[in-house]
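# Chain and residue survey
The chain contents come next:
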Amino acid sequence: MNDMEKTLDGANMQMDQDILVEVINGNSGRCVGSVQENGSADNGILVVAASQSSSLTAGGLYANKYLSRNGNLESLQNTNVEKAYGSSGVITRGSSCGLTGLLNLGNTCFMNSAIQCLVHTPEFARYFRDNYHQEINRQNPLGMVGELALAFGELLRKLWAPGRTPVVPRSFKAKLARFAPQFSGCSQHDSQELLAFLLDGLHEDLNRVKHKPYIKSRDADGRPDEEVADEYWANHIARNDSIIVDVCQGQYKSTLVCPVCNKVSVTFDPFMYLSLPLQSTITRSMTATVFTCDGSALPAACTVSVPKQGRCRDLIQALSNACSLQLNEKLLLAEIRGHLIYRFLEDPLILLSSIKDDDHLAAYKIPKDLKKTKFLQLIHRRGEQGAGNSQSNMGWKPYGTPLVSPISCDDTITRGDIQLMVNKMLSPMLRKNNAEYPGINCSYAPVATSNQSHVTRSTEFCANSDGADARQSDGGSLKPVTFQRLPLQLVDENNACVDLTVGEDMVVKLSSSSMSILVFADWSQKFLGTYDTSHLETLPEVCKYGHVSKKARTEPLSLYTCLEAFLREEPLVPEDMWYCPECKERRQASKKLDLWRLPEVLVIHLKRFYYSRSIKHKLDTFVNFPIHDFDLTNYIANKNSPCQIYELYALTNHYGSMGSGHYTAHIKLLDENRWYNFDDNHISVINEEDVKSAAAYVLFYRRVHSDKSSVSNGAYCTVECQNSHN
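Let me sum up the structure you'll find in this document. All values reported here derive from a predicted model rather than from experimental measurement. (Residues numbered from 1 in each chain as written. Predicted model: local features only at pLDDT ≥ 70, side-chain atom pairs only at ≥ 80, totals over all residues. Heavy atoms only, no water.)

### Some details on the overall build of the chain
Scanning the chain from terminus to terminus reveals 16 helices and 35 strands. Taking all 726 residues of the chain together, the buried fraction comes to 49%. Counting contacts in the chain only where the partners sit at least 6 residues apart, residues at least 24 apart contribute 70% of the total. In the form shown here, the chain has an accessible surface area of approximately 35700 Å², with 49% of it arising from carbon and sulfur atoms. (Helix = DSSP H or I, 4+ residues; strand = E, 2+ residues; numbered from the N terminus. Buried < 20%, exposed > 50% of the residue type's maximum accessible area, 1.4 Å probe, protein only. Contact = heavy atoms within 4.5 Å. Areas by Shrake-Rupley, 256 points an atom, 1.4 Å probe, with all protein chains shown as cover.)

### What to know about the sheet that holds strand E8 (residues 329-337)
Taking strand neighbours across the sheet as the criterion, the five strands line up as E7-E6-E10-E8-E9 in an open arrangement whose pairing is mixed. This sheet does not close on itself; its edge strands, each paired only once, are strand E7 (300-307) and strand E9 (340-344). Here the strands of the sheet are splayed against their neighbours by 45° on average, with no regard to which way each runs. Bridge count for E8 against strand E10 (residues 360-367) is eight bridges, and the pairing is antiparallel. Each bridged residue has a counterpart across the sheet, and for Leu332 the counterpart in E10 is Tyr364. Against the sheet, helix H11 (residues 312-322) touches strand E6 (283-292), E7, E8 and E10, its axis set at about 135° to E7. (Pairing = 2+ DSSP bridges. Axes fitted to C-alpha atoms, helices over the stretch in contact; angles between N-to-C directions.)

### Some points on the pairing of strand E33 (residues 674-679)
When strand E32 (residues 662-669) meets E33, the two strands line up antiparallel, connected through five bridges. The residue of E33 that forms the bridge with Leu669 is Arg674. Taking the residues between adjacent antiparallel strands as the criterion, E32 and E33 are bridged by four residues, where Asn673 takes a positive phi near 55°. Sheet analysis places E33 next to strand E34 (residues 682-686), joined by five bridges and oriented antiparallel. For Phe678, the partnering residue across the bridge sits in E34 and is Ile683.

### Considering the pattern of salt bridges
If charged atoms from side chains of opposite charge come close, those side chains can pair. With the rule as written, the count across this model stands at 21 salt bridges. In this structure, the salt-bridge partner of Arg218 is Glu231, at a minimum N-O distance of 3.1 Å. Here Glu231 lies in helix H8 (residues 225-239) and Arg218 lies in the loop between helix H7 (191-205) and H8, a separation of 13 residues in the sequence. The closest approach of N and O atoms between Glu335 and Arg337, which form a salt bridge, is 2.7 Å. Members of the salt-bridge network, linked through shared partners, are Glu135, Arg208, Asp241 and Asp246. (Salt bridge = Lys/Arg side-chain N within 4 Å of Asp/Glu carboxyl O.)

In C-alpha cells form, the structure reads like this:
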C-alpha cells in the first residue's frame with residue numbers, strides 16, 4: 001500500500017481487515033514502538049482493524065491520540081472499559097484467571113458461548129498456552145494454512161490473561177468469516193454448528209500428519225471386534241493425529257444388516273461428538289383398533305410407542321405385546337379410509353412415516369399358519385332416505401369399520417358358511433336382552449326361531465375361541481347349527497351383488513384374481529336393534545394430540561434415555577441407502593450404533609432444533625443430565641474397556657425461539673470448584689443446582705480418573721491426557 005493518493009475504496013479495503021503498520025524512526029530506520037489491537041506492545045508492529053483506524057479500539061481509546069511512548073495502552077484501556085461496561089460482578093479469590101468475557105459484536109453470542117467452553121477445556125488451555133506453533137500444518141489442503149489455529153490460540157491467551165477486561169473477538173470473527181462465510185455478518189447462527197466447524201478446522205490446522213497415506217479398510221470377515229476396532233483406529237490415527245483427536249475423538253461400532261439377504265457389515269468409525277435426539281423426536285405414539293375374527297372379544301383401541309423412523313414390523317410387534325396376542329395368532333394391519341379398507345400393510349418393511357397422524361388403522365387377529373387364504377371383508381352399510389318417502393328411494397352408504405376373516409381357498413364355501421362366519425364375527429355385539437330374538441346370545445342359539453335357519457357346517461372356520469366346532473355333537477354325530485339369517489350381499493367376480501339370505505346350501509364361487517371377498521351387511525333400523533354397532537362406528541386417529549404432549553411435559557427426560565434412543569437399531573432413511581455388496585444394489589438397511597472407544601472430553605449435543613415442512617422448530621424439553629458420576633460403562637460395547645465415568649465442566653444454553661434466541665455458557669472453574677455464568681462480557685457466580693435447565697444445548701464432560709490430583713481448567717496438573725499417538 002505505497003500509493004498514498006489512493007482512497008480506501010480504491011485500495012479495496014474490507015471491513016475488519018487487519019493492517020500492518022510499521023512505525024519507523026526517521027534517523028535510524030528502526031521500529032520504535034507498537035501496539036496490538038488489544039493495546040499491548042509487540043516488537044514494533046502496530047495491528048489495528050481498518051474500520052478502527054480512526055475510531056475506538058477494544059478499550060474504547062483512540063490509538064492515534066493516546067499512544068504512550070512505549071506503545072502500551074493497557075492501563076488506560078482497562079480503566080476505560082471498566083467505566084464503559086462496569087464491573088462484571090465476579091468476586092474471585094486473589095487474581096483468578098479465566099474470568100474474561102467476550103464482547104458481543106452483534107448476534108455473536110452463539111460464537112462467544114462455544115469459544116468459552118473450548119477455552120476452558122483444560123487440555124486445550126494447556127496446549128494453546130504452550131508452544132503449539134511447531135505443530136501447525138500449513139501444507140494441509142483440508143486446513144486453513146494454520147490461520148484458524150493461530151487466531152484461536154491468540155484469543156485463548158487473551159482470555160486467560162490476568163484481569164477481567166472484556167476481549168473484542170473482532171479479529172477472530174473476521175478469520176472465521178473468511179474460512180466459513182456462513183458465519184459472516186450479524187445474523188444469529190447455531191452454536192453447535194460453529195463448534196463442529198471449529199473442532200474440525202483446528203484438527204486440520206494442527207494435524208501432525210503431513211502426508212496422509214492411503215489405507216484401504218478390510219472387512220471384519222468374522223475376526224474379533226477388538227482386533228478390527230484397533231485396526232480401524234490405527235488406520236485413522238495414521239491419517240489424523242492432532243490435539244483434537246487426542247482429546248475429543250472416540251469410536252463407534254456401526255452394524256448394518258441388509259433387509260433382503262441379511263448381509264451384516266461391521267465398521268468402526270470415529271466421532272467428534274454425540275448428537276442425541278430428544279424423546280419426542282425419536283418415538284411416536286400410534287393408535288390402532290384391534291378386532292377379532294372369531295367373535296372372542298369386542299374391538300379395543302391400543303396406543304403404543306414406536307420408533308418414529310421405524311417400520312410396520314415395529315408397530316405390529318408393539319401392538320402384539322399390548323393386546324396379549326396368542327402364539328398361534330398374528331395381526332393383519334390395514335388402513336381404513338371412507339369406512340373401507342384402503343390398503344393392507346402386509347409388508348413389514350413399510351416405513352411408519354408413510355402413515356399420517358390423522359389416518360385410521362385397524363389390526364385384525366387371524367390364525368398364524370394360513371396357506372392359500374383369501375380374506376372376507378365385511379363392509380357395513382346404513383340406509384339413507386333419498387328423494388321422496390318411498391322404500392325404493394332408500395340408498396345404502398358405507399359406515400363403521402370393516403371386519404375381516406380368513407377363508408381357505410381349498411374348501412368349498414356355501415352361502416350358509418358365510419352367514420355363519422358373519423354371525424360369529426358380530427356375536428360380541430349382540431344385545432343380550434333382545435326381545436325379538438330371545439334365543440340369540442353370544443353363544444349360538446340351540447333353538448331356531450322363525451327368522452333363523454339350519455346349516456350343516458362343512459369347513460373349519462366355524463371354530464369357537466376354544467377351538468371347538470360350532471356344531472352340536474352327540475357321540476360323534478353331527479347336528480345342525482343355528483344362527484341368525486343376516487341381510488348380506490356378496491359381490492361376485494362380475495361385480496354383481498348376490499343375496500346371501502337365500503340358498504344357504506349354494507356354493508360360492510371365489511374369484512381367482514382377487515385376494516378379498518367383499519360382503520355388504522345392510523343395517524336396517526330393525527337390524528340395528530339386535531346389535532350394538534357403536535363399537536364399529538368410531539375408529540380413533542393414529543395420533544390425537546393433547547394428552548400425550550401434556551404428559552411428556554411433566555415427565556423429566558433422562559440423558560441416559562436420549563443415549564439409549566440414539567443407540568437403538570433403526571432403518572436408514574431413504575436418502576441414505578446402503579450399497580449391499582452381496583445384492584449389488586442399494587438397500588434400506590437397518591443400522592445399529594454402539595460406543596466402542598470414548599474420548600477424554602465427551603461433547604454431547606442435544607438436538608433441540610428440527611425441521612418440519614421447511615420450518616425449523618425448537619424443543620424446550622427439560623433433559624435431566626448428570627453433573628457428577630455420568631457413568632457410561634454399561635453403554636460400551638468393548639467389554640475390555642475400564643470404567644467410563646465423566647463429570648460435567650461446561651455447557652452452552654439457548655434461550656428463546658429460533659432466530660430470536662440468546663446463547664450463554666455455564667462453566668466450572670475446576671481449581672475453584674465453582675460454577676460461573678458467561679453471558680458475553682458479563683460473568684457471574686451461579687450455584688451448581690442452577691446449572692440444569694431446559695435451555696441446556698451442548699454439554700461438555702471430562703473423564704474422571706482414579707488419580708485424585710488437583711485439576712485446573714488452565715494450569716498444568718498431574719492428570720495428563722493420554723495421547724493416542726504416544
